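Secondary and tertiary structure notes
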Amino acid sequence: MSRIVLNHIKKRYKNGKSFAVKDMNLSIENREFIVFVGPSGCGKSTTLRMIAGLEEISEGDLYINEKRVNEAAPKDRDIAMVFQNYALYPHMTVYGNMAFGLKIRKFKKDEINRRVTEAANVLGLNEFLNRKPTALSGGQRQRVALGRAMVRNPKVFLMDEPLSNLDAKLRIQMRSEIIKLHRRLNATTIYVTHDQTEAMTMADRIVIMREGEIQQIGTPKEIYDNPANIFVGSFIGSPAMNFIPAMLSLEGQIHIGNHTISLPENKQAVLKKKNYFGVELVAGIRPEDIHLEHDDSSDSSTVLTAKIDVAELLGSECILYTKINNVDLVVKVKSGDFKSGDEIKLAFDMQKMRFFDPETGKLII
Amino acid sequence: MKTKLTVTYVILSVFALGGLLPVLWMFVMSLQTPRALNSFPTLNWFKDFEFNNYQIALNQGGIYQGLINSSIITGGTLIISVTFATLAAYALANFEFKGKALLLIGILMTQLIPGMAAIVPLFDILKSLHLINTYTGLILIFAARTIPLNIWIMHGFFKELPAELREAAIIDGCSVYTTFTRIILPLALPGIGAACMFTFMQTWIDFIMPLTTLFDQNKFPFTVMLYKYVGDPIMGTNYGVVFASAVIGTLPTLLMFVFFQRFFVKGLTSGAVKG
Ligand SMILES: Nc1ncnc2c1ncn2[C@@H]1O[C@H](COP(=O)(O)OP(=O)(O)OP(=O)(O)O)[C@@H](O)[C@H]1O
Ligand SMILES: [Mg+2]
């Protein structure tokens, strides 16, 4: 069992003007794979380092297994950490690097040998055991760093952007290897990244942070479908969600540019109840929830005419950067013959449309 | 581009030759017979050179004592200075405490005091400590003199080591002490090599300090011993022998350099972090 609870955790650096982490509340369940994601400087590493014990906690309580560990030394927290730049010991061999933590903890020789050999097997490092880190590729080094964490059999794995120094292809490969490793080891894992794709593909639950504050916690699907605010909607998903200034009229229609679209009853009802009739709103819709309309005869109240600025072919799919009057709209459709300047007809999947309060940025429905 | 390189090399060669000239002079002189030396400036340098001077220098015996004394003084200084400097530099590089910046600058400031200016006060201090005419006194002076720069050398090396190495060690279960001995120290070897080299050069060749604080003839390091050869009341000055002894005395420096040079080779830490 290794549950981690962050209770009103705050961090203020000695020379820092404001809080780098403001009031983190989070409960991480046993064996969960949690990903912290957010733009640079939002406090992901700081939070992770506080959990590791490398950084003092300014305020709040940290519990690992129901035990308050604010003051516990890193070595007493039963955690292992994988660093962004690997941080392998350059004067030791691969074997030495992996064995070091066990040696320091006074494990028996054959137990060390057994564990290192096993980890090397899993990670495919057998033939490199006697090499120094300098003689390894980036991907191999990262595996050694993983191995060093694995052999200790910790309750909690902490990883700070472990893949960001690898090239794109290797990154994708290591992504799935880490997931496989997680399934195998069944240890609670906290994984930090600023790459939303990594977060979406790896996480059981994602914690989205911004300027030291949690924006949303949820499964990738929850966060993708129901972003808590405009920031989350724009941060998760590629290309990002479209945000369109809109106005809801008393007849239950929204006005986007010169177009008028009627809103499904269920959405109308909620907006009405929350007093958003006749006021400015921000409508959000994902690029893949906008479809091409080929049939001219279809209901004109949901079809809009757009002009293509740029068409980006991604193989089977195509990203269209379009304009409806003055509103930018990114659309993801099946590949076709698109040229900039073309006029196309678009239909919104209105059930997928989300509405945000323009002032707070928060999701209304 | 090519001419620029050539010019650079020519200029560097001139400087190198300028630096080498006294050494060459010393070496050539050490091979001359007394007769040849006395006929200066019309030297017949390469006509009747001989290794006789070396034989005389070695047979005199004093030079062995001088080299041993120099080794004791230099060795003692090396151990004390490099040990203290390394520990101090590690603390300065990795731990936060009040007045750290001031301390670092203060350490650097000590280097502004010219060595000569300190002779009389140092002599006074040694006297009140009853350390005149002892190796201990001399070693303490040399250590005090070399520790500041050694701290700066080591400080630079420790600062260059990625902080994550220390953190990885801490998470692996190291204490402050084991982190230092198992991880940091092996990686700081190039720095320690550089500090040793610097300390050795400063101490081995020093002349004034032992001359002023040592009185016992058989405690003299080889530099002072050499000086005593000049103007020997009985033998006069046999410059050939003086030069031969000087050549012998510089050999350890050369050996030190060859030995420590491999520590200067950079890149021992590459592979620790990305790239
Ligand atoms: N040692 C420090 N002293 C003072 N401020 C710091 C220190 N480390 C980080 N900060 C500040 O704390 C904030 C959060 O930093 P942190 O490293 O946690 O960001 P991050 O989310 O990991 O970003 P990145 O994706 O760039 O790694 C930043 O504003 C940063 O400038
Ligand atoms: Mg970070």
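Residues numbered from 1 in each chain as written. Chains lettered and ligands numbered in written order. Predicted model: local features only at pLDDT ≥ 70, side-chain atom pairs only at ≥ 80, totals over all residues. Heavy atoms only, no water.

Description of the interface of chain B and chain A
On the side of chain A, 28 residues touch chain B, which itself brings 23 residues to the contact. Applying the counting rule to chain B against chain A returns two salt bridges. Its salt-bridge partner being arginine 49 of chain A, residue glutamate 167 of chain B comes within 2.8 Å of it at the nearest N-O pair. Between the two partners, chain B and chain A, sit nine residue pairs in polar contact (both at pLDDT 80 or more). (Contact = heavy atoms within 4.5 Å. Salt bridge = Lys/Arg side-chain N within 4 Å of Asp/Glu carboxyl O. Polar contact = N/O pair within 3.5 Å; in protein donor to acceptor, adjacent residues only side chain to side chain.)

A closer look at the UniProt feature "domain: ABC transporter" (unreviewed entry) in chain A
Mapped onto the present numbering, the UniProt feature "domain: ABC transporter" (unreviewed entry) falls at residues 4–236 of chain A. Summarising residues 4–236 of chain A: 36% helix, 24% strand, and an end-to-end C-alpha distance of 25 Å. (UniProt positions renumbered as here; feature names shortened; annotations may be inferred. Helix = DSSP H or I, 4+ residues; strand = E, 2+ residues; numbered from the N terminus.)

Considering helix H3 (residues 109–123) of chain A
All names here are of chain A. Taking 1.5 Å per residue, 15 residues should reach 21 Å; H3 reaches 21 Å between its end C-alpha atoms and fits that length. Every buried residue belonging to H3 is among Ile112, Arg115, Val116, Ala119, Ala120 and Leu123, and all of these are buried. Viewed end-on, H3 has its buried residues packed into an arc of 130 degrees, placing them on one side of the element. Among the structural elements, helix H2 (94–104), helix H4 (138–150) and helix H5 (168–185) are those in contact with the buried residues of H3. Backbone geometry just downstream of H3 places glycine 124 in the positive-phi region, at approximately 65 degrees. (Expected span 1.5 Å × (residues − 1). Buried < 20%, exposed > 50% of the residue type's maximum accessible area, 1.4 Å probe, protein only. Arc of directions from axis to C-beta.)

Comments concerning the UniProt feature "transmembrane region" (unreviewed entry) in chain B
All names here are of chain B. Mapped onto this numbering, the UniProt entry annotates "transmembrane region" (unreviewed entry) at residues 7–28, 72–93, 102–123, 135–158, 179–205 and 239–260. With 100% helix and 0% strand, residues 7–28 has its two end C-alpha atoms placed 30 Å apart. End C-alpha atoms of residues 102–123 are separated by 29 Å, and the span's content is 59% helix alongside 0% strand.

Some points on the confidence of the model for chain A
Mean pLDDT for chain A: 91, with 98% of residues reaching 70 or above. Between the elements of chain A, mean pLDDT differs from a low of 80, seen in strand S12 (residues 253–256) of chain A, to a high of 97, seen in strand S3 (residues 33–37) of chain A. (pLDDT = per-residue confidence, 0-100.)

Some thoughts on the packing of aromatic side chains
In total, this model carries twelve aromatic pairs over all chains according to the counting rule given. Where phenylalanine 33 of chain A meets tyrosine 191 of chain A, the ring centres are 5.7 Å apart and the plane angle is 35 degrees; that geometry is what we call tilted. Of this pair, phenylalanine 33 of chain A sits in strand S3 while tyrosine 191 of chain A sits in strand S8 (residues 188–193); the two residues are 158 residues apart in sequence, bridging distant segments of the chain. Residue tyrosine 191 of chain A is classed as buried on the basis of its relative accessible area, which comes to 0%. When the ring of tyrosine 90 of chain B is compared with that of phenylalanine 180 of chain B, the centres are 4.6 Å apart and the planes differ by 50 degrees; the resulting orientation is tilted. Highlighted residues: tyrosine 90 of chain B in helix H4 (residues 62–94) and phenylalanine 180 of chain B in helix H9 (residues 176–187), separated in sequence by 90 residues. (Phe/Tyr/Trp six-rings, centres within 6.5 Å; stacked < 30°, edge-to-face > 60°.)

Focus: the site of ligand 1
All names here are of chain A. The local shell around ligand 1 consists of Tyr13, Asn15, Ala20, Ser40, Gly41, Cys42, Gly43, Lys44, Ser45, Thr46 and Glu161. Lysine 44 has a polar side-chain atom sitting 2.8 Å from an oxygen atom of ligand 1. Isolated, ligand 1 exposes 640 Å² of accessible area, and the fraction of that covered by the protein chains is 60%. Looking at the shell around ligand 1 residue by residue, the classes come out as three nonpolar, six polar and two charged. (Near = heavy atom within 4 Å. Areas by Shrake-Rupley, 256 points an atom, 1.4 Å probe, with all protein chains shown as cover. Nonpolar A, V, L, I, M, F, W, Y, C, P; charged D, E, K, R; others polar.)

With respect to unusual backbone geometry
Residue and element names in this part refer to chain A. Here the amide bond leading from serine 238 into proline 239 is cis, since omega sits at -5 degrees, within 30 degrees of zero. In this structure, asparagine 65 is a non-glycine residue whose phi angle is positive, near 55 degrees. Here asparagine 65 lies in the loop between strand S4 (59–64) and strand S5 (67–68). A relative accessible area of 23% means that asparagine 65 is categorised as partly exposed. Unlike most non-glycine residues, aspartate 78 shows phi in positive territory, near 55 degrees. Assignment of secondary structure puts aspartate 78 in the loop between S5 and strand S6 (79–82).

Describing the sheet that holds strand S19 (residues 343–348) of chain A
Strand pairing in a sheet relies on backbone hydrogen bonds, with the paired strands running either antiparallel or parallel. Residue and element names in this part refer to chain A. Strand order in this open sheet of five strands is S15-S19-S16-S17-S18, and the pairing throughout is antiparallel. Taken across any chain shown, the strands that pair with only one partner, and hence form the sheet edges, are strand S15 (290–292) and strand S18 (327–334). Neighbour-to-neighbour, the strand axes of the sheet open up by a mean angle of 45 degrees, direction not taken into account. Summarising the sheet, strand S17 (residues 317–324) and S18 pair through eight bridges and their orientation is antiparallel. Counterpart to leucine 320 in the pairing with S18 is valine 331. (Pairing = 2+ DSSP bridges. Axes fitted to C-alpha atoms, helices over the stretch in contact; angles between N-to-C directions.)

Quick word on the side chain of lysine 11 of chain A
Residues and elements named next belong to chain A. Inspection of the secondary structure puts lysine 11 in strand S1 (residues 4–11). We note that lysine 11 is buried and unpaired, the nearest opposite charge coming from glutamate 55 at a distance of 4.1 Å. Only 2.9 Å separates the side chain of lysine 11 from the backbone oxygen of glutamate 56, close enough to count as a polar contact. Not counting chain neighbours up to four residues away, the residues in contact with lysine 11 comprise Phe19, Ala20, Val21, Thr46, Met50, Glu55, Glu56 and Ser58. (Lys, Arg positive; Asp, Glu negative; His and termini not counted.)

What to know about the packing of H4 of chain B against helix H10 (residues 189–204) of chain B
Residue and element names in this part refer to chain B. Their axes nearest at 9 Å, the elements H4 and H10 cross at an angle of 140 degrees. Taken together, the axis directions place H4 and H10 in an arrangement best described as oblique. H10 is crossed by H4, and the crossing has right-handed handedness. Across from Leu67, Ser70, Ser71, Ile73, Thr74, Thr77, Leu78, Ser81, Val82 and Thr86 in H4, the residues of H10 making contact are Ile192, Ala195, Cys196, Thr199, Phe200, Thr203 and Trp204. Considering only residue class, the contact of H4 with H10 consists of nine nonpolar, eight polar and no charged. (Parallel < 35°, antiparallel > 145°, perpendicular 65-115°, else oblique. Left-handed = near helix turned anticlockwise from the far one by under 90°.)

A few points about the sheet that holds S5 of chain A
Residues and elements named next belong to chain A. Within the open sheet, the four strands sit side by side as S2-S1-S4-S5. Their pairing is antiparallel. The sheet terminates laterally at strand S2 (21–28) and S5, the two strands that pair on one side only. The pairing of S1 with S4 spans five bridges and is classified as antiparallel. Following the sheet pairing, leucine 6 is matched in S4 by leucine 62.

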